[in-house]
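A look at the structure
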Amino acid sequence: SHDSLFSLPLRNGNALKFFLDPTAVSLNYLKTRADADGFPRYQDYNMIGLSGGGWTTTLYAAVDPTIKTSIPVAGTLPLYLRYDGYNHDLEQTLSSFYSRAGYPDLYVLGSYGRGRKQVQVLNRRDNCCFGEAEHRVSPTGMTWEQAVRDYEARVRLALYNIGAYQGYGSFRVEIDEAAPAHMISWNAIVNTILPELNGGRRYSGAVGRDAFYRGVNGHLWHNSPSGETDTGLPMVGAPATLQGVLYSFDVFYRDPSNRLMRAFRTTAGWTARSMGRVIISDPAVVSSGPGHFDVVAFGSDYRLYQWSGTPSGDSPPRQIGGSAIGQGTPSLVTRGPNQLDVFFRGFDRSVYHLQTSDGTGWSIESVGGISLDFPSSVVLPDGSLRVYARGQDSQLWEARPVKGSPWQWASVSGQTGGQTVHGSPSAAIQDGLVRVHVRTASNTLATFAYSGRWTFTSYFSLITGSPTATSAGAFVRNGDASLAFYYGTGGDWRGGIFD
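Description of the structure in this document. (Residues numbered from 1 in each chain as written. Predicted model: local features only at pLDDT ≥ 70, side-chain atom pairs only at ≥ 80, totals over all residues. Heavy atoms only, no water.)

Of note, D499 is situated in the segment after β32 (490–495). Put simply, D499 and G218 are 281 residues apart on the chain and 8.7 Å apart in space, counted from C-alpha to C-alpha. For D499, the residues in contact, after removing those within four places along its chain, are R156, Y165, S170, F171, R172, R201, Y203, R214 and R477. A polar contact is formed between the side chain of D499 and the side chain of R156, at a distance of 3.2 Å. (Helix = DSSP H or I, 4+ residues; strand = E, 2+ residues; numbered from the N terminus. Contact = heavy atoms within 4.5 Å. Polar contact = N/O pair within 3.5 Å; in protein donor to acceptor, adjacent residues only side chain to side chain.)

Dropping the structure here:
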């Protein structure tokens, strides 16, 4: 048993080394490996673990800053949330160690440092460890979810106070609503782990020249040309936004319980209401007519759901797409009143297309291709559709419909010099032209623009994550966690700190 390791007669040290030394030895070996030119073969070290592996990930990332991104899954909770009789191995509770550094301290240590981050994944329906069923309210007076978000907020504040979030680390908790048990789910893999490892996570939602994002305090923030405003509304993920449809802004996002929420600003300030379902993807929204909006997102069953809203009220969620299942944030566009097109990545990594001409009856088809991340789509001025995705070769690809034939794919990168891209592309119609904004392999913003032929423009600012395109330009998260807005050949630094 694990506990018996701590009664072994050791010559020196503590039995914790049996858990940490193998990782250290492996890393030290990998650091010696070189390519044919003598350069280090491995330069980016990240760590993921489940259960006891999640505990090891938490502890090792705290003591070795070599680990840049650490993602412990169902691995730990602070000790004050573990009631008497909580059945765990001794390494989880060893008083001689945790009296020096408790779990929140370890989360800070594992997150702090240039380019470092920790994303903790907890499974709500975990049947073993650290889920909602294992929680007791009595020690703190908080529900499981409240307790989790409480220590998340305190760790984030501690990091902010020591100078993190300006390129020096970040921490957040993702509550997995799809995992049915003690496991790493497809939701965790595709929606959290892979976007973190390839830098493809999208941080903001935007419309025109206004952006919305999650601030360090866990609230929804609004960044406009005139400044930054805290709405005071708790949220997670990246929002989707409309302007001037029902209110000056309608913002759709996940709350800390992963429920779809709609926020809007009145003369009295910002308010929010629940749209009535837990979702596992960030939402997508469009307006297909005056005073009307439609929202789509994936539920915890990996199926797509649709909500509609008018001045008279919002509809309850309804499943669309039949038995189709998918992952990641869908792309939603409209070609006219009640005409909606949804593009999403399936479990086979192909792109799929859902469409309706009346807002209720849906048909589905395969667009094909292989998308490493999540697709983006636009409607051209002539009403035709275009879809953009990062292919297996890391080039930007475009799909267009061909009447009576399968969708036709062509490499956009191949027409402009073969540039590789990282993360998910973000496309929009700007000044009547298609512009697709991407993050390059050197972590800069770049734009592919089509005007009879494709052109490629690269900017010099370092960015993190995937950009967010609007009809006016593109928003990016800078390397120092601030916001920038690019339009044409220029750009504005917008400030703020967000994650």
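After presenting the structure, the write-up continues.
So, about the sheet that holds strand β27 (residues 433–440). Two orientations exist for strands paired in a sheet by backbone hydrogen bonds: parallel and antiparallel. As summarised here, the arrangement of the seven strands in space is β26-β27-β28-β29-β30-β31-β32, forming an open sheet in which the pairing is antiparallel. Edge positions in the sheet fall to β26 (421–430) and β32, since each of these pairs with one other strand and no more. Strand-to-strand twist of the sheet, defined as the mean angle between neighbouring strand axes without regard to direction, takes the value 30°. (Pairing = 2+ DSSP bridges. Axes fitted to C-alpha atoms, helices over the stretch in contact; angles between N-to-C directions.)

Let us look at the pairing of strand β10 (residues 249–254). A large share of β10 lies buried, amounting to six of its six residues. Burial of β10 is two-sided: the residues F249, V251 and Y253 facing one way and the residues D250, F252 and R254 facing the other way are all buried. The sheet contact formed by strand β9 (residues 236–243) and β10 spans five bridges and is antiparallel. Residue pairing across strands places Q243 opposite F249, the latter belonging to β10. Where β9 folds back onto β10 in an antiparallel hairpin, the turn is made up of five residues, including G244, whose phi is positive at roughly 70°. The pairing of β10 with strand β11 (residues 259–266) spans five bridges and is antiparallel. Its bridge partner lying in β11, D250 is registered against F264. Taking the residues between adjacent antiparallel strands as the criterion, β10 and β11 are bridged by four residues, where N258 takes a positive phi near 65°. (Buried < 20%, exposed > 50% of the residue type's maximum accessible area, 1.4 Å probe, protein only.)

Moving on, we get to the nonpolar core. Judged by nonpolar contacts, the single largest core of 39 residues is most densely connected at L122, Y151 and F171. The residues contacting Y151, other than those within four sequence positions of it, are L77, P78, Y80, L81, Y107, Q120, L122, F171 and V173. If you look at the next biggest cluster of nonpolar residues, it comprises 16 residues, including V286, V296, Y302 and A324. (Core = buried A, V, L, I, M, F, W, Y, C linked by side-chain atoms within 4.5 Å.)

Turning our attention to helix α7 (residues 186–197). Of the residues making up α7, those classed as buried are N187, A188, V190, T192, I193, P195 and E196. Buried residues belonging to α7 abut β1 (45–50), β2 (67–73), β3 (117–123), β4 (171–176), β18 (326–336) and β19 (339–346). Two to three positions downstream of the cap, the backbone nitrogen of N187 sits 3.2 Å from a side-chain oxygen, assigning the N-cap of α7 to S185. Phi turns positive, to about 70°, at G199, one or two residues after α7.

This part takes up helix α5 (residues 103–111). For α5, the set of buried residues is Y103, L106, Y107, V108, G110 and S111. Residues of α5 that are buried sit in contact with α3 (52–63), β2, α4 (95–98), β3, α6 (144–161) and β4. Of the residues trailing α5, G113 is marked for its positive phi of about 130°.

The subject of this paragraph is the packing of α3 against α5. Orientation of α3 relative to α5, taken along the N-to-C sense of each, is 65°, at an axis distance of 7 Å. Both α3 and α5 take part in a crossing whose hand is left-handed. Between α3, through W55, T58, L59, A61 and A62, and α5, the contact on the second element is made entirely by Y103, L106, Y107, L109 and G110. Broken down by class, the residue content of the contact of α3 with α5 amounts to eight nonpolar, two polar and no charged. (Left-handed = near helix turned anticlockwise from the far one by under 90°. Nonpolar A, V, L, I, M, F, W, Y, C, P; charged D, E, K, R; others polar.)

For the rest of this paragraph, the subject is the side chain of D126. In this structure, D126 sits in the loop between β3 and α6. One buried charged residue, D126, remains without a salt bridge, the closest side chain of opposite sign being R125 at 10 Å. At a separation of 3.0 Å, a polar atom in the side chain of D126 contacts the main-chain amide nitrogen of C129. At 2.9 Å, the side chain of D126 and the side chain of H182 are in polar contact. Setting aside chain neighbours within four positions, we find D126 in contact with A74, G131, A133, E134, A181 and H182. (Lys, Arg positive; Asp, Glu negative; His and termini not counted. Salt bridge = Lys/Arg side-chain N within 4 Å of Asp/Glu carboxyl O.)

Moving on, we get to the layout of surface pockets. Approximately 850 Å³ is the volume attributed to the second largest pocket. Together, 32 residues line the second largest pocket, and G115, K117, N443, I463 and T464 are the ones closest to its centre. Going through the elements one at a time, β2, α7 and β29 (454–469) are the ones with two or more residues in the lining of the second largest pocket. In terms of residue count, β29 provides more of the lining of the second largest pocket than any other element does, four residues in total. Residue composition of the lining of the second largest pocket, grouped by class: eight nonpolar, 15 polar and nine charged. (1 Å grid on protein atoms, 1.4 Å probe; cavity = no way out; pocket = protein on both sides within 12 Å on 5 of 7 lines; lining within 4 Å. Points joined across faces, edges and corners; volume = space filled by probe spheres on them.)

β19 sits mainly inside the fold: seven of its eight residues count as buried. Judged from the seven bridges that link them, β18 and β19 form a sheet pairing that is antiparallel. Across the sheet, residue G326 finds its bridge partner in β19, namely G346. Counting the residues that bridge the hairpin from β18 to β19 gives two residues, and of these N338 lies at a positive phi of roughly 65°. In this structure, β19 lies alongside strand β20 (residues 351–356), joined through six bridges in antiparallel fashion. Bridged to L340 within β20 is T356. Where β19 hands over to β20, the hairpin turn is made up of four residues, of which R349 adopts a positive phi near 75°.

Our next topic: the environment of Q92. Within the element layout of this structure, Q92 appears in the loop between β2 and α4. Accessibility expressed as a relative area gives 6% for Q92, which makes it buried. Spatially, the C-alpha atoms of Q92 and L79 are 8.7 Å apart, while their sequence positions differ by 13 residues. Discounting residues that sit within four places of it in the chain, Q92 has contacts with W55, G75, T76, L79, R82, Y98, Y103 and F130.

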